[in-house]
Amino acid sequence: MVDGVEDEEKWLAAGIAGLQQNAFYMHRALDSNNLRDALKYSAQMLSELRTSKLSPQKYYQLYMRAFDELRKLEMFFKEETRRGCSIIDLYELVQHAGNILPRLYLLCTVGSVYIKSKEAPAKDVLKDLVEMCRGIQHPVRGLFLRSYLSQISRDKLPDIGSECYTACESFILLADPELRLAVGLSGLQGPAREKDKREKERSELRDLVGKNLHVLSQIEGVDLDMYKETVLPRVLEQVVNCKDEIAQCYLMDCIIQVFPDEYHLQTLEILLGAFPQLQPSVDIKTVLSRLMERLSNYAASSTEVLPEFLQVEAFSKLNNAIGKVIEAQADMPILGAVTLYSSLLTFTLHVHPDRLDYADQVLGACVKKLSGEGKLEDNRATKQIVALLSAPLDKYNDIVTVLKLSNYPSVMEYVDSETNKVMAMVIIQSIMKNNTQISTADKVGALFELIKGLIRDLDGAAHDQVDEDDFKEEQNSVARLIQMLQNDDTEEMFKIICTVRKHILTGGPKRLPFTVPPLVFSSLKLVRQLQGPEENPFGEEGSTTPKKVFQLLNQTIETLYGVPAPELALRLYLQCAEAANDSDLEPVAYEFFTQAYILYEEEISDSRAQVTAIHLIIGTLQRMHVFGVENRDTLTHKATGYSAKLLKKPDQCRAVYACSHLFWVDDQDNMKDGERVLLCLKRALRIANAAQQMSNATRGSTGSVTLFVEILNKYLYFFEKGNTQINAAAIQSLIELITAEMQSESNSPDPAADAFFASTLRYIQFQKQKGGAVGEKYEPIKV
Amino acid sequence: MVLVLAIGDLHIPHRASDLPQKFKSMLVPGKIQHIICTGNLSIKEVHDYLKSLCPDLHVTRGEYDEDSRYPETKTLTIGQFKLGICHGHQVIPWGDLDSLAMLQRQLDVDILVTGHTHQFKAYKHEGGVVINPGSATGAYSSFTFDVNPSFVLMDIDGLRVVVYVYELIDGEVKVDKIDFKKTATTRLAH
């Protein structure tokens, strides 16, 4: 092959040299007005074009040089005719050229001058020339000759009609069946080495043909009617007849790219009619997709063109065409079919955005095709389906509109669970980005059905291969989605909550910790709404009441036991208790507390978790006002019990003094039990003491006095609030105790505790200096 | 001039899906020098988002935080001020200013930033300032029916701190500011 290329270079060089030499002599002859000699040399020059040794690309280089020279010759001929030499004579003269190819080139050159002179009808002249050119059978040589003819006649013709005719003809000749056959066949025969060469030739010829087609499209005279009546039908005829799949594909593509979109719209039927006639192996889907893409962009370019689409019934024509193609090519891989439908859907969305029924039709046809296939295996096909499903989402930016496409969920049925998850995430992203309101239980249900890949384990899904981070991200997305479901109508909102609950409960223990909390808080928000001033506190018969919601909540939080997620459940129970408190539902609140306590006792054994849990319990209980004395006592008693039984002494101490607040609620006078408060604080002191002793025993030094300072602060708190059981003397002795401890030898210094004590003393000082009632109160305390 | 963002109780995704869009467009990386977060983010994505706004991020543990390794309390010094952070569910009664003042004395800080109640507060007492930036997403809270999304930006300049509170009320961002000055003897004055 390398030899071949080198040889070609040599031959081309030789050809150019020969051409240039003869051109030189030709010019000399022309300068001395020697017509005969000029013709002789020009014929010799053109003989170089008789070579068969060059590839089309190389031949082209040779041809271009000849072309340039021939233009000069043409000018000379023009001069001659002006000087009185007749065209007929010229014609006569050039016939003397020995070989047919040079002869024909010269005839064409004269012919073009003839046409310009208008001495004969251009059409007739052309017809003759065209007829004669048919004589050249060799593909490359014939092609260039015809190209020459069309090039030189193009700008000569005054008559628009003929111009088109000739251009048309020239193209058609280029696509001449015999010619194409020659090209096509030559690709099939010959040894393998030659085959590559032939392929290359073919592609170069194709480019040339494409260029000619382009020329055709540029002609001003080819208006829509001409295109519709003449150009397109004949071009298509040739394309179909050539029966060469590569050529067909390329030519169809050419036609689509080269002619304007308005033309395509108006000739849609004709164009589409050609597709089923093409060779079965032609990649129709790509060509069709490109056509639809062009038309989509055309539609998107301006709204004024849209009526045109309606007028030509573009959609139904395309739909039918695609249907026929898919039917005809029954073994088309699913990827092809989906790509086609994807392009058609994009087209429909651009051109007929308000016609959901069209989009639905496309999806329906796709479903039909998919139903014959079963679950998809092909990766690219699933990617196409994701593209197909994302298109309406991108267009309408509203899942609610998309859900109106009845076939949309059906398409989702055919993807595997991985793709379902991908699509589900796309949908959730769209909802969050566009802040879409999904406000009825039906829509919510439909949505959750659609994204079921995220909601539960689908059959046959590979459960163990899920990446943990991905899983978390997915479930958090579902949680965020739940936040977006909202309706101000409480009845509808309750239905929504029930619908969501139904779906998330199918998720299994892995998913519940992610999906239950958002549902719980959504429900608590609903309870708030039901408590609102406009709401009838007794409700109508059978309508949603806070009680009903709490029942639902109880049953929902229970499901966390199976995960197990006791800490989360405890927190949620306490939140519900507070909400029940606000709704004045004492038994409901008590029930929630009971559940929380049981969880604490039975399920939460980690020390750190217990500390947090007990603080949450105390903090919540402290705020409850709905409990009667008995219930409150029971719960308080339990809470203080738990506090005293925490593992580490400091934790015990802190929890116990926190419990002191359970006996003193600022805004309820009957809730101020000074004695019990003091009892708690004293108990905390005892624990702090015990902690010191333990420390002394095990480490040889007493620990930090921090706990004492904390308790001192609590003393001050209740002292200020007016707890009569706490007097200045008690505070004084505590201060002295701390001071003594700090100065004692066995005490290990703790700067933090020192600072704390110092700022506490500063506070006391500040209060003393306040004057008035506060100052008086603090007066007896010496710091 | 040092800008400190105080933010917390976002409760994403349990109680809110995202920060309000208006807040997001205001919180741009590179403008803030420190972020103080009271807790209850609650997932890693929120942590990463805050980190992207400013690498110097301090978070304390809220009871719903996915990451249990956040500390219960934290103290740091910015300029002339000592700041303390604590989520607040540990301080009982919740939201009680006197109890919070006790924590402030214990941590020995000028400014205590705390959360849990989802209600913005900026309170000055003899020992210093207590700031609650509220909930940045307006998340559900048992403390109050109407939670407006809010956060706080502190501008610390020498001995003075200006507290800007941003609240989203009826779709509009409203800004308020409070001045606090610290005397050289390290006590905070109004």
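Predicted, not measured: the structure shown is a model, and the values here were computed from it.

Some details on the overall build of chain B
- Helix and strand counts for chain B come out as three helices and twelve strands.
- Against the compact-globule benchmark of 16 Å for 190 residues, chain B has a radius of gyration of 15 Å, which places it among compact chains.
- A total of 190 residues make up chain B; the buried ones form 61% of that total.
- A separation of at least 24 residues holds for 53% of the contacts in chain B among residues at least 6 apart in sequence.
- Looking at chain B as shown, the accessible area adds up to about 6,900 Å², and 51% of this sits on carbon and sulfur atoms.
- Side chains of chain B give 19 positive and 23 negative charges; the mean places of these two sets differ by 5 Å.

What to know about the interface of chain B and chain A
- Counting from both sides, the interface comprises 36 residues of chain B and, opposite them, 49 residues of chain A.
- When the two sides are added together, the surface that chain B and chain A hide from each other amounts to roughly 3,900 Å², 55% of it contributed by carbon and sulfur.
- Taken together, the links from chain B to chain A amount to four salt bridges.
- Across the salt bridge formed by K472 of chain A and E66 of chain B, the nearest N and O atoms sit 3.8 Å from each other.
- Sort the elements by how many residues they give to the side of chain B that touches chain A and helix 3 (residues 97-107) of chain B lands first, with five residues.
- Along the lines of polarity and charge, the residues of the side of chain B that touches chain A split into 13 nonpolar, ten polar and 13 charged.

A closer look at the UniProt feature "domain: Calcineurin-like phosphoesterase" (unreviewed entry) in chain B
- According to UniProt, the feature "domain: Calcineurin-like phosphoesterase" (unreviewed entry) maps to residues 4-157 of chain B in the numbering used here.
- Split by type, residues 4-157 of chain B is 18% helix and 31% strand. Its first and last C-alpha atoms lie 11 Å apart.

A word on the sheet that holds strand 5 (residues 81-86) of chain B
Residues and elements named next belong to chain B.
- With respect to topology, five strands assemble into an open sheet ordered 4-5-6-8-7, the strand pairing being mixed. The sheet is open, and its two edges are formed by strand 4 (73-78) and strand 7 (120-125), each paired on a single side. Going from strand to strand, the sheet's axes swing by 15° on average, the running direction of each strand aside.
- Pairing of strand 5 with strand 6 (residues 111-114) involves four bridges; the strand directions are parallel. Looking at strand 6, one finds that C86 is bridged to T114.

Notes on the layout of surface pockets
- Its boundaries defined by the atoms lining it, the largest pocket holds a volume of some 1,700 Å³.
- Every residue lining the largest pocket is counted, 45 residues in all, and those nearest its centre are Q483 and K525 of chain A together with S17, T137 and G138 of chain B.
- Counting residues per element, the ones that place at least two in the lining of the largest pocket are helix 23 (417-434), helix 26 (468-484) and helix 28 (512-531) of chain A together with helix 1 (21-26) of chain B.
- Taken together, the residues of the lining of the largest pocket sort by class into 16 nonpolar, 15 polar and 14 charged.
- By volume, the second largest pocket amounts to about 1,100 Å³.
- Together, 42 residues line the second largest pocket, and P650, D651, R654 and E710 of chain A together with Q106 of chain B are the ones closest to its centre.

Brief notes about a positive patch on the surface
Residues and elements named next belong to chain A.
- Side chains of K645, K682, R683 and R686 sit close together on the surface and give a patch of like positive charge.
- When you line up the elements, K682 lands in helix 35 (residues 674-699).
- The class of K682 is partly exposed, set by a relative accessible area of 44%.

Quick word on the state of the cysteines
- Enumeration over the complete set of coordinates arrives at zero disulfides over all chains.
- Left without a disulfide partner, C659 of chain A is nearest to the cysteine sulfur of C680 of chain A, which lies 5.6 Å away.
- For C659 of chain A, a relative accessible area of 0% puts it in the buried group.
- With no disulfide partner, C86 of chain B has as its closest neighbouring cysteine sulfur the one in C37 of chain B, 12 Å distant.
- For C86 of chain B, a relative accessible area of 2% puts it in the buried group.

Concerning the pairing of strand 5 of chain B
Residue and element names in this part refer to chain B.
- Counting buried positions along strand 5 yields five of six residues, so the element is predominantly enclosed.
- Relative to strand 5, strand 4 runs antiparallel, the two sharing six bridges. Bridged to K74 within strand 5 is I85.
- What sits between the antiparallel neighbours strand 4 and strand 5 is a turn of two residues, in which G79 has the positive phi angle 60°.

What about the environment of L526 of chain A?
Residues and elements named next belong to chain A.
- By the secondary structure assignment, L526 is in helix 28.
- Classification of L526 as buried rests on a relative accessible area of 1%.
- Remark: the alpha-carbon pair of L526 and L310, spanning 216 residues in sequence, is separated by 48 Å.
- Those residues in contact with L526, other than ones at most four positions away along the chain, are T490, M493, F494, I497 and V549.

Focus on the packing of aromatic side chains
- Here the structure, examined in full by the defined rule, presents 25 aromatic pairs over all chains.
- Taking the centre distance of 6.1 Å and the plane angle of 70° together, the rings of F521 of chain A and Y64 of chain B count as edge-to-face. Of this pair, F521 of chain A sits in helix 28 while Y64 of chain B sits in the loop between strand 3 (57-59) and strand 4, each in a different chain. In terms of burial, F521 of chain A and Y64 of chain B fall into one category: buried.
- Grouped by ring-pair contacts, the aromatic residues Y59, Y63, F67, Y105, F144 and Y148 of chain A constitute a single cluster.
- It is K53 of chain A that lies over the ring of W11 of chain A; its NZ or CZ is 5.3 Å from the centre.
- Across the ring face of F471 of chain A, the terminal group of K510 of chain A is positioned such that the distance to the ring centre comes to 5.1 Å.

Analysis parameters
- Residues numbered from 1 in each chain as written.
- Chains lettered and ligands numbered in written order.
- Predicted model: local features only at pLDDT ≥ 70, side-chain atom pairs only at ≥ 80, totals over all residues.
- Heavy atoms only, no water.
- Helix = DSSP H or I, 4+ residues; strand = E, 2+ residues; numbered from the N terminus.
- Rg over C-alpha atoms; globule rule 2.2 N^0.38 Å.
- Buried < 20%, exposed > 50% of the residue type's maximum accessible area, 1.4 Å probe, protein only.
- Contact = heavy atoms within 4.5 Å.
- Areas by Shrake-Rupley, 256 points an atom, 1.4 Å probe, with all protein chains shown as cover.
- Lys, Arg positive; Asp, Glu negative; His and termini not counted.
- Charge placed at Lys NZ, Arg CZ, Asp CG, Glu CD.
- Buried area = accessible area lost by both parts, 1.4 Å probe.
- Salt bridge = Lys/Arg side-chain N within 4 Å of Asp/Glu carboxyl O.
- Nonpolar A, V, L, I, M, F, W, Y, C, P; charged D, E, K, R; others polar.
- UniProt positions renumbered as here; feature names shortened; annotations may be inferred.
- Pairing = 2+ DSSP bridges.
- Axes fitted to C-alpha atoms, helices over the stretch in contact; angles between N-to-C directions.
- 1 Å grid on protein atoms, 1.4 Å probe; cavity = no way out; pocket = protein on both sides within 12 Å on 5 of 7 lines; lining within 4 Å.
- Points joined across faces, edges and corners; volume = space filled by probe spheres on them.
- Patch = residues over 30% accessible without salt bridge, like charges linked within 9 Å, V, L, I, M, F, W, Y side chains within 5 Å.
- Disulfide = S-S within 2.5 Å.
- Phe/Tyr/Trp six-rings, centres within 6.5 Å; stacked < 30°, edge-to-face > 60°.
- Lys NZ or Arg CZ within 6 Å of the ring centre and 35° of its normal.

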